[in-house]
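Take a look at the letters that make up each chain.
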Amino acid sequence: SSGINAESQSVLSRIDVKKYIRDLQMDFIICSIDKAANNYVVICKKFYLLTLMKELGIDINSYECIGNITYQVVDHLEKDLIEKHRIYLKNKFSISVSQDNMRLPRIFWNPKLHKTPYKARFIAGARNSSTKQLSVYLNRALEVLKNRFCCYCNSIRERTGIECDWSINNSVQFVNHINTIDLYTLQVYDFTTLYTSLDLKTVETLVGEMIDLIFNKSYNKYLCVERFGDRGFFAKKEYNGYLCFTASSLKEAVHYILNNTYICFAGIVLKQVKGIPMGGNSSSQLADVTLSKSEFNYQMSLIKNKRFNLAKRLSNNKRYVDDLGVANYGNFEGRISEVYPADLLMERSGENDKNVNYLDVNV
């Protein structure tokens, strides 16, 4: 019996393996690979730190941090910023910052090995941070908002045959769609630096447009999210145990999260002044809503100008966060600047439109 248990024991739980990993971590960083779940890479610790320093605008010789257009050094102590967050969140949203969250995010990066050459995805690790709880509530609210938006776009598609919502949640939705059409060509594009390129005012404007659109269509005053659960819904009144956003207070939450992204590195506190904070609890939803409203605006402008043929051809587009699949339309590269904010750059993955990898699917 003991022999069977020993054989079934995880290799990583063995004492000698744990010691070897600790020794390895003296000189190397072991981290996950971007868009490759359950895969890990070993990186030279010096190279890892130099990459972070370059991203943050730290001189590798003098170690002076001068910042850049994305990150700016702030003359505040971490504890003072946390206290500022604590007071605001308590007064505005009745949110108490737990002891575990009395800290600012630490920045790290994961390698993007699917890129040639390899690139880095920088993440503000906000598992525990002073604005985490508001970000969690904002994420739930945006999920409810996005679901209503999807229903609204479905009603447009039923009337016109035009899809104004290109966003998908997984590759299954993509496969289900292409199985309903005659697929001749497929091109794949991705945003090179979605989270660090978007202008914050642009994000705030587009998300605000989405909030106004859906609140006006719902005929409800509140969007309620459960404080100690996962429920969320529109309502005409406020409920106990829920954080009940109005359109105005939801936009204020978006503004606060976007404009209060601070990170710590080697004792230096920096503020992210450009781009959505990658790693925040609401970051993915903020990015998705921003892109969704851009796509919606473009499709609606085509409908308004009676360019129905182009709008229908683009209705086969499917986007998962920052990866866009364009089916049966070969000239999308010329449309990118018309659809998306000017700060965003897209690049095509490969040149073959007959044999293409999109997400985890080969087409």
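Look up a bit, the structure's there.
Residues numbered from 1 in each chain as written. Predicted model: local features only at pLDDT ≥ 70, side-chain atom pairs only at ≥ 80, totals over all residues. Heavy atoms only, no water.

(A) Examining the side chain of lysine 293 more closely. The topology assignment puts lysine 293 in helix H10 (residues 283–304). Here lysine 293 is in contact with Leu206, Glu209, Met210 and Leu213, once residues within four sequence places are set aside. (Helix = DSSP H or I, 4+ residues; strand = E, 2+ residues; numbered from the N terminus. Contact = heavy atoms within 4.5 Å.)

(B) Focus on the pattern of salt bridges. Per the stated rule, a full pass over the model turns up 19 salt bridges. The closest approach of N and O atoms between lysine 293 and glutamate 209, which form a salt bridge, is 3.2 Å. Separated by 84 residues along the polypeptide, lysine 293 in helix H10 and glutamate 209 in helix H8 (residues 200–218) bring together distant segments of the chain. A cluster of three or more residues bridged by salt bridges with shared partners is formed by Lys146, Asp165, Asp288, Glu295 and Arg319. (Salt bridge = Lys/Arg side-chain N within 4 Å of Asp/Glu carboxyl O.)

(C) Representation of the sheet that holds strand S8 (residues 232–235) within the structure. Pairing in this open sheet of 3 strands is antiparallel, and the strands run S8-S7-S9 from one edge to the other. Only two strands of the sheet have a single partner each, and these edge strands are S8 and strand S9 (242–245). Put simply, the sheet's adjacent strands are angled 25° from each other on average, direction ignored. Looking at chain direction, strand S7 (residues 222–226) and S8 are connected through 4 bridges and run antiparallel. Paired with leucine 223 across the bridge in S8 is phenylalanine 234. (Pairing = 2+ DSSP bridges. Axes fitted to C-alpha atoms, helices over the stretch in contact; angles between N-to-C directions.)

(D) Expanded view of the packing of aromatic side chains. All told, the structure shown has 16 aromatic pairs when counted by the stated rule. Seen from their ring centres, tryptophan 166 and phenylalanine 332 are 6.3 Å apart, and the 65° between their planes marks the pair as edge-to-face. Placement of the pair is tryptophan 166 in the loop between helix H5 (132–160) and helix H6 (171–178) and phenylalanine 332 in the loop between strand S13 (323–327) and helix H12 (336–339), with a sequence separation of 166 residues. By relative accessible area, tryptophan 166 is classed as buried at 0%. For the pair tyrosine 239 and tyrosine 242, a centre-to-centre distance of 6.3 Å together with 65° between the ring planes defines the contact as edge-to-face. Put simply, the rings of Phe47, Tyr48, Trp109 and Phe122 pair up and form one aromatic cluster. (Phe/Tyr/Trp six-rings, centres within 6.5 Å; stacked < 30°, edge-to-face > 60°. Buried < 20%, exposed > 50% of the residue type's maximum accessible area, 1.4 Å probe, protein only.)

(E) Quick peek at the sheet that holds S13. If you walk across this open sheet you meet the 4 strands as S12-S13-S6-S14, and the pairing is antiparallel. Looking at which strands have only one partner, the edges of the open sheet turn out to be strand S12 (318–320) and strand S14 (346–348). Pairwise comparison of adjacent strand axes, ignoring direction, gives a mean angle of 25° for this sheet. Judged from the 3 bridges that link them, strand S6 (residues 186–191) and S14 form a sheet pairing that is antiparallel. Paired with phenylalanine 191 across the strands is methionine 346, a residue of S14.

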